[in-house]
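Structural overview
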Amino acid sequence: APRNRAADYIEQAAASPRITPMRESQTPEEAPQQKSGAGVKVSVLIVSYNQERYIEQAVRSALMQKTTFDVEIIVSDDCSTDGTQDILRRLQAEHPGKLRVFFNEKNVGMHLNYRQSFARCRGQYMAILEGDDYWTSPKKLQKQVEFLDSHPECILCFHDVMVFVEGAGIETPYRPPQKEITGF
């Protein structure tokens, strides 16, 4: 199986003594199947903390992806105190076997939450989706994987985004100037 492009970082994160306990929201019957990770091409990584207003749209945008390969969706909640965890549990019940949801037993902060989550990704590639963002194209992952598979010299890819300013109702397209992405 191809090695995850972030394998060294993942191994370091998994071995870190600072990783704190998380509970994975799954039934014992699902655990062996989900733990294997065999054939997973892309791990979608979503971290959340008190994103009750946004998390459902984020997760559903990952679930809507149309691909010719296996995708896992990992959601790691950092001990939210709003309704985020309830929404995640409901979504997992609606889509059994499609979501691997983890709940920190105490708030560990954004950086450690990401490190723990990276260590749980089993795909060859990782797609990061913030808990307050969402994808608009159901072909996003398919297009990006096709690009990366046909360009092994590339280690990442990205796309233009729409920036929405909450409260102001302003949507602005954002595309990084070419000079920002050259010179690697």
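Structure: above.
What comes next concerns the included structure. Only a predicted model underlies this, so the values are computations on that prediction, with no experimental measurement involved.

Analysis parameters
- Residues numbered from 1 in each chain as written.
- Predicted model: local features only at pLDDT ≥ 70, side-chain atom pairs only at ≥ 80, totals over all residues.
- Heavy atoms only, no water.
- Helix = DSSP H or I, 4+ residues; strand = E, 2+ residues; numbered from the N terminus.
- Buried < 20%, exposed > 50% of the residue type's maximum accessible area, 1.4 Å probe, protein only.
- Polar contact = N/O pair within 3.5 Å; in protein donor to acceptor, adjacent residues only side chain to side chain.
- Phe/Tyr/Trp six-rings, centres within 6.5 Å; stacked < 30°, edge-to-face > 60°.
- Right-handed = clockwise from strand over helix to strand, strands pointing away.
- Pairing = 2+ DSSP bridges.

Moving on, we come to the side chain of Gln85. Considering the arrangement of structural elements, one finds Gln85 in helix H4 (residues 84-94). Gln85 gets classed as buried once you look at its relative accessible area, which sits at 13%. For Gln85, the side chain forms a polar contact with the side chain of Asp77, separated by 2.9 Å.

A word on the packing of aromatic side chains. Centre distance and the angle of the planes are the two values used to describe a pair of aromatic rings. Overall, the coordinates contain one aromatic pair when judged by the stated rule. A centroid spacing of 5.8 Å and a plane angle of 35 degrees characterise the contact between Tyr114 and Phe118, whose relative ring orientation is tilted. A residue pair is termed a helical-turn pair when its members lie 3 or 4 positions apart in one helix, as Tyr114 and Phe118 do in helix H5 (residues 110-120) at four residues. Relative accessible area serves as the criterion here: at 11%, Tyr114 is assigned to the buried category. Phe118 sits in the buried class, given a relative accessible area of 14%.

With that settled, the discussion passes to the pairing of strand S3 (residues 70-77). Within S3, six of the eight residues are buried, which leaves the element mostly enclosed by the surrounding structure. Between the parallel pair strand S2 (residues 40-48) and S3, the chain is carried across by helix H3 (residues 55-63), and the sense of this crossover is right-handed. In terms of strand pairing, S3 meets strand S4 (residues 99-104) through five bridges, oriented parallel. If you follow Ile74 over to S4, its bridge partner there is Arg100. Taken together, S3, H4 and S4 form a β-α-β motif whose crossover is right-handed.

The next subject is the pairing of strand S6 (residues 161-165). As paired strands, S6 and strand S7 (residues 170-174) are joined by five bridges and run antiparallel to one another. From the neighbouring strand, Val165 faces S7, where its bridge partner is Ile170. Between S6 and S7, which follow one another and run antiparallel, lie four residues, and Gly167 among them has a positive phi close to 90 degrees.

Taken by themselves, the reported measurements are silent on function.
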